[in-house]
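Structural overview
What follows is the residue order along each chain.
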Amino acid sequence: MRIDLHCHSTASDGTDSPAELVATAARAGLDAVAITDHDTTAGWAEAEAALPPGLTLVRGAELTCSAADGRGGRCTVHLLAYLFDPDAEEVVAEHARTRADRRTRLHAMAGKMAADGYPVDADTLLAGLPENATAGRPHLAQALVRAGVVGSVTEAFASLLHGRTGYFVPSRRTPVVQAIEMIKAAGGVTVLAHGFAHRRGPVVTPAVIADLAAAGLDGVEVDHPDHDDDARAELRALAARLDLLSTGSSDYHGTNKTTPIAAETTHPDVLAAIADRATGAGLVHGR
Ligand code: AMP
Ligand code: FE
Ligand code: FE
Ligand code: ZN
């Protein structure tokens with residue numbers, strides 16, 4: 001059994017449509033794949049309808065959150081949420097608020113770049129986004145590639161879009177404890193995404209993860225492309241100590257990132273535990 005529990009589609013900042021995503025997963029030999037677009041469940045129905053025989057779909061999302069960093073400040077964290085009720089009122093409303101703010105924020109980032117002479121137009125960028133898609137920096141990166149400013153999305157992040165440039169504008173984030181409680185109430189299961197990905201920016205301390213476990217967090221993503229060996233070892237030990245589930249996933253974004261689908265995988269027992277705990281939605285088996 002090969003299981004990838006973190007993948008994006010065109011419902012957020014991936015480049016495969018939800019139907020293409022499940023086809024890609026089957027072609028890569030996966031037995032189960034999760035669709036976890038940022039702050040939306042908009043891709044679920046299409047992925048379900050296109051599910052190839054033999055492939056299991058784990059319906060999920062990746063929530064944009066903030067957390068105490070354990071050093072007296074706060075930092076951004078991403079929370080993977082699985083098998084929650086997509087119609088739960090609080091989830092729907094929170095997703096909508098975050099998505100709306102992501103558009104305003106991307107507009108602001110593009111505006112700052114245009115003011116500095118970069119050939120991007122904020123209004124054109126927003127008008128060109130798929131209607132229900134969650135806007136993210138990769139969309140701005142693609143506009144910069146199209147305008148010939150940079151050669152690739154990766155290059156755009158390295159030079160202009162990372163969190164320490166003057167063009168970066170933070171987007172709305174849900175306090176992570178509130179997000180954990182909201183997903184629990186909707187019958188879902190939560191996993192802290194790429195918790196020790198130092199390259200991305202400031203990360204939480206182990207003590208914060210212990211607090212999140214006490215607040216109801218179910219697991220941590222241990223095997224992730226942005227985790228080095230030390231980060232994986234530390235998270236794996238922490239998960240064992242706190243009795244958290246350990247997952248592995250590629251964080252596949254199609255051609256917006258260089259990581260292929262199934263680059264990292266999750267043990268079948270862990271998916272069974274997730275499905276067992278969830279009451280908001282079930283696994284979908286392609287047949
Ligand atoms: P945002 O959520 O709009 O702040 O953008 C964060 C997203 O940008 C992540 O979910 C990734 O999809 C993408 N991203 C972050 N760093 C990189 C990178 N170095 N190369 C390509 N994509 C990246
Ligand atoms: Fe993303
Ligand atoms: Fe993430
Ligand atoms: Zn992701």
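Read on for an overview of the structure. (Residues numbered from 1 in each chain as written. Chains lettered and ligands numbered in written order. Predicted model: local features only at pLDDT ≥ 70, side-chain atom pairs only at ≥ 80, totals over all residues. Heavy atoms only, no water.)

1. A closer look at the coordination of the iron ion (ligand 3)
Metal coordination angles have textbook ideals: 109.5 degrees for a tetrahedral set of four donors and 90 or 180 degrees for an octahedral set of six. Rule in force here: In this description, a donor is an N, O or S atom within 2.8 Å of the metal centre, a cutoff extended to 3.2 Å for sodium, potassium and calcium. Water is not part of the atom list, which can make sites seem incomplete. Helix and strand definitions follow DSSP, with helices as H or I runs of at least four residues and strands as E runs of at least two, each counted in order from the N terminus.
In this structure, E62 (OE), H78 (ND1) and H194 (NE2) serve as the protein donors to the iron ion (ligand 3), at separations of 2.0 to 2.2 Å. Here the donor residues of the iron ion (ligand 3) share one chain and are spaced in sequence as E-x15-H-x115-H. For the pair the iron ion (ligand 3) and the iron ion (ligand 2), the metal-to-metal distance amounts to 5.6 Å. Placement of E62 in strand β3 (residues 56-68) and of H78 in strand β4 (residues 74-82) is noted, with a sequence separation of 16 residues between them.

2. Description of the packing of helix α8 (residues 206-214) against helix α9 (residues 229-242)
Condition: Each axis is a line fitted through C-alpha atoms, taken for helices only over the stretch in contact, and angles between the N-to-C directions span 0 to 180 degrees. Definitions for this section: a left-handed crossing has its near helix turned counterclockwise from the far helix by less than a right angle. A right-handed crossing has that turn clockwise. Any two residues whose heavy atoms approach within 4.5 Å at even a single point are treated as in contact. Note on residue classes: Ala, Val, Leu, Ile, Met, Phe, Trp, Tyr, Cys and Pro are nonpolar, Asp, Glu, Lys and Arg are charged, and everything else, Gly too, is polar.
Between α8 and α9, the shortest axis-to-axis distance is 11 Å and the interhelical angle comes to 35 degrees. The two elements α8 and α9 meet at a crossing, and its hand is right-handed. Residues P206, I209, A210 and A213 of α8 lie in contact with α9, whose contacting residues are E234, L235, L238 and L242. Tallied by class, the residues present in the contact of α8 with α9 amount to 7 nonpolar, no polar and 1 charged.

3. Overview of the coordination of the zinc ion (ligand 4)
The line we're drawing: Note on exposure labels: buried denotes an accessible area under 20% of the residue type's maximum, exposed denotes more than 50%, and partly exposed covers the range between, all computed with a 1.4 Å probe on protein chains only.
Donor atoms from the polypeptide that bind the zinc ion (ligand 4) are H6 (NE2), H8 (NE2), E62 (OE) and D251 (OD), placed at 2.1 to 2.3 Å. Donor residues for the zinc ion (ligand 4), ordered by position in the chain, follow H-x1-H-x53-E-x188-D. Between the zinc ion (ligand 4) and the iron ion (ligand 2) the interatomic distance amounts to 4.5 Å. Exposure remark for H6: the relative accessible area of 0% places this residue in the buried category. On the basis of relative accessible area, H8 is assigned to the buried category, the value being 0%.

4. A word on helix α3 (residues 89-115)
We count it as follows: Every helix has an expected span of 1.5 Å times one less than the residues it contains.
For α3, built from 27 residues, the straight-helix expectation of 39 Å at 1.5 Å per residue is met to within 8% by its first-to-last C-alpha distance of 39 Å. Of all the positions in α3, only V91, E94, H95, T98, R102, R105, L106, M109, A110 and M113 are classed as buried. Of the residues flanking the end of α3, it is G117, one or two places downstream, whose phi is positive at about 95 degrees.

5. Describing the nonpolar core
Stated formally: For our purposes a nonpolar core is just a set of buried Ala, Val, Leu, Ile, Met, Phe, Trp, Tyr and Cys residues, chained together by side-chain atoms within 4.5 Å.
V33, L63, I209, V220 and I261 are the most contacted members of the largest nonpolar core, which totals 48 residues. Contact partners of V220, with chain neighbours within four places excluded, come to V191, L192, I209, L235, A239, L244, L245, S246 and T247. One finds L106, M113, L140 and L161 within the second-largest nonpolar core, a separate group that totals 21 residues.

6. Concerning the packing of α3 against helix α5 (residues 137-146)
Contact pair α3 / α5: the axes reach a minimum separation of 10 Å and the direction vectors enclose 35 degrees. Every pair of crossing elements has a handedness; the one defined by α3 and α5 is right-handed. Between α3, through R105, L106, M109, A110 and M113, and α5, the contact on the second element is made entirely by R137, H139, L140 and L144. Among the residues forming the contact of α3 with α5, the class breakdown is 6 nonpolar, 1 polar and 2 charged.

7. Some details on the site of ligand 1
Our working rule: Throughout this document, a residue counts as near a molecule or strand when at least one of its heavy atoms sits within 4 Å of that molecule or strand. Counting of polar contacts relies on pairs of N or O atoms within 3.5 Å, with two restrictions inside protein: one atom must be capable of donating a hydrogen and the other of accepting it, and residues adjacent in sequence are counted only when both atoms are side-chain atoms.
As a matter of local geometry, ligand 1 sits amid 13 residues, with H38, R102, R105, R137 and H253 nearest to it. H38 is positioned with one of its side-chain polar atoms (N or O) 2.9 Å from an oxygen atom of ligand 1. The set of elements that each furnish at least two residues to the shell around ligand 1 consists of α3, α5 and α6 (153-161). The greatest single-element share of the shell around ligand 1, amounting to 3 residues, is contributed by α6.

8. Brief notes about a negative patch on the surface
Worth spelling out the cut-off: Patch members must show over 30% relative accessible area and no salt bridge, and they are joined within 9 Å when carrying like charges or within 5 Å when they are nonpolar side chains of Val, Leu, Ile, Met, Phe, Trp or Tyr. Accessibility throughout is a Shrake-Rupley quantity obtained with a 1.4 Å probe, and a residue counts as covered only by protein chains that appear here. When a carboxyl oxygen of Asp or Glu lies within 4 Å of a side-chain nitrogen of Lys or Arg, that pair is called a salt bridge. Positive charges come from Lys and Arg, negative ones from Asp and Glu, while His and the chain ends are left out of the count. Here the site of a charge means atom NZ of a Lys, CZ of an Arg, CG of an Asp or CD of a Glu.
On the surface, D228, D229, D230 and E234 cluster together into a negatively charged patch. Using a relative accessible area of 43% as the deciding quantity, one classes D228 as partly exposed.

9. Considering the pairing of β3
So the rule is basically this: For two strands to be treated as a pair, DSSP must find no fewer than two bridges joining them.
Counting buried positions along β3 gives 12 out of 13 residues, so the element sits mostly inside the fold. As paired elements, strand β2 (residues 32-38) and β3 share 7 bridges and run parallel to each other. Residue pairing in the sheet places I35 in a bridge with R59 of β3. Across 2 bridges, the pairing between β3 and strand β9 (residues 284-285) is antiparallel. Pairing of T56 across the sheet is with H285, part of β9. When β3 meets β4, the two strands line up antiparallel, connected through 9 bridges. The residue of β4 that forms the bridge with E62 is L80. The turn linking β3 back onto β4 is made up of 5 residues, and G70 within it adopts a positive phi angle of 90 degrees. Both β3 and strand β5 (residues 174-175) contribute to a ladder of 2 bridges, which runs parallel.

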